[in-house]
Amino acid sequence: MRIITGSRRGRKLKTLPGDAVRPTPDRVKEALFNILQFDLEGRVFLDLFAGSGQIGLEALSRGAKRAVFVDSAKASCGVVLENIHTTGFENEAQVMNAEYASYLLRCTETFDIAFLDPPYRTGTLTKALLAVTPHMNRGGIVICEPVSYTHLRAHETAAHLVC
């Protein structure tokens, strides 16, 4: 796993061993950031359910101003911190070891782009989508990685939903 392009192109990233974290394949990550390429510069990015942090780090490498990484697993947060150090984004990144709902309840920050990739088959995605919406800036983009697109219901939001 690596940073695909941008200021930290080619930097290798760590991930947790086992099935607890499902890193987004490079092919999918590249397609996602090709879509977002003109929307990243100077934006604030939320990587909810961060895992290894690879999506938020890719956003920073491609010009995002700041990224917040949220994960409930302490081990995942440790890997995110290692990857932040490897890429040199200590001043642009913040890691929060918290359950998504409790983080969003106390969060006062707003975001331009949010990436949601919760554990599959837990029913968390729809709840997280509703919880993150009030934290999105007008015209914000929420990217979801659902287990099945047929089970995701669209809700009226001020944010633009990209799935």
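Residue positions are given per chain, counted from 1 along the sequence in the order it is written. In view of the model being predicted, local features appear only for residues whose pLDDT reaches at least 70, and side-chain atom pairs are presented and counted only at 80 or more, with totals across whole chains, interfaces and linings using the full set of residues. Remark: hydrogens and water are excluded; side-chain values derive from all non-hydrogen atoms of the structure.

## Concerning the overall build of the chain
No. 1: Counting its secondary structure elements, the chain contains five helices and six strands.
No. 2: Labels follow the DSSP assignment, with helices taken as runs of H or I lasting at least four residues and strands as runs of E lasting at least two, numbered in each case from the N terminus. Order of helices (α) and strands (β) in the chain, N terminus to C terminus: α-β-α-β-α-β-α-β-α-β-β.
No. 3: Looking at the 163 residues of the chain, the share that counts as buried comes to 47%.
No. 4: Contacts are assigned to residue pairs with any non-hydrogen atoms lying within 4.5 Å of each other. Nonlocal contacts in the chain, meaning residues at least 24 apart in sequence, comprise 63% of its contacts between residues at least 6 apart.
No. 5: Here the open area of atoms and residues is found with the Shrake-Rupley method and a 1.4 Å probe, where only the protein chains shown may cover a residue. Accessible surface, the chain as shown: approximately 8500 Å² in total, 51% of it carbon and sulfur. A 1.4 Å probe rolled over the protein chains alone gives each residue an accessible area, and that area as a share of the maximum for its type sets the label: buried under 20%, exposed over 50%, partly exposed in between.

## Regarding the side chain of R62
No. 1: Structurally, R62 is set in the loop between α2 (54-61) and β2 (66-71).
No. 2: R62 gets classed as buried once you look at its relative accessible area, which sits at 16%.

## Quick look at α2
No. 1: Counting buried residues in α2 gives eight out of eight residues, a clear majority hidden from the surface.
No. 2: Among the residues of α2, Q54, I55, G56, L57, E58, A59, L60 and S61 are the ones counted as buried.
No. 3: Packed against the buried residues of α2 are α1 (26-36), β1 (44-48), β2, α3 (74-87), β3 (93-97) and β4 (111-116).

## Some words on the packing of aromatic side chains
No. 1: Within 6.5 Å between ring centres, the rings of Phe, Tyr and Trp (the latter by its six-membered ring) count as paired, and their orientation is classed by plane angle as stacked under 30 degrees, edge-to-face over 60, tilted in between. All chains considered together, the criterion is met by one aromatic pair.
No. 2: Between F49 and Y100, the ring centres sit 5.2 Å apart and the planes meet at 45 degrees, which makes this aromatic pair tilted. Pair noted here: F49 is in the loop between β1 and α2 and Y100 is in helix α4 (residues 100-106), with a separation of 51 residues, a long-range link. For the residue pair F49 and Y100, the accessibility class agrees, reading buried in each case.
No. 3: Its guanidinium or amino end placed over the ring of F89, R8 lies 4.0 Å from that ring's centre, counting from NZ or CZ. Consider the ring centre and the ring normal. A charge sits over the ring if Lys NZ or Arg CZ is within 6 Å of that centre and within 35 degrees of that normal.

## Details of the pattern of salt bridges
No. 1: In the sections that follow, a salt bridge refers to a side-chain nitrogen of Lys or Arg positioned within 4 Å of a carboxyl oxygen of Asp or Glu. Summed over all chains, the structure comprises four salt bridges.
No. 2: Here E58 ties to R62 by a salt bridge, and the two come within 2.7 Å at their closest N and O atoms.
No. 3: Residue classification places E58 among the buried positions, given a relative accessible area of 0%.
No. 4: With a closest N to O distance of 2.9 Å, E109 and R66 form a salt bridge. Pair noted here: E109 is in the loop between α4 and β4 and R66 is in strand β2, with a separation of 43 residues, a long-range link.

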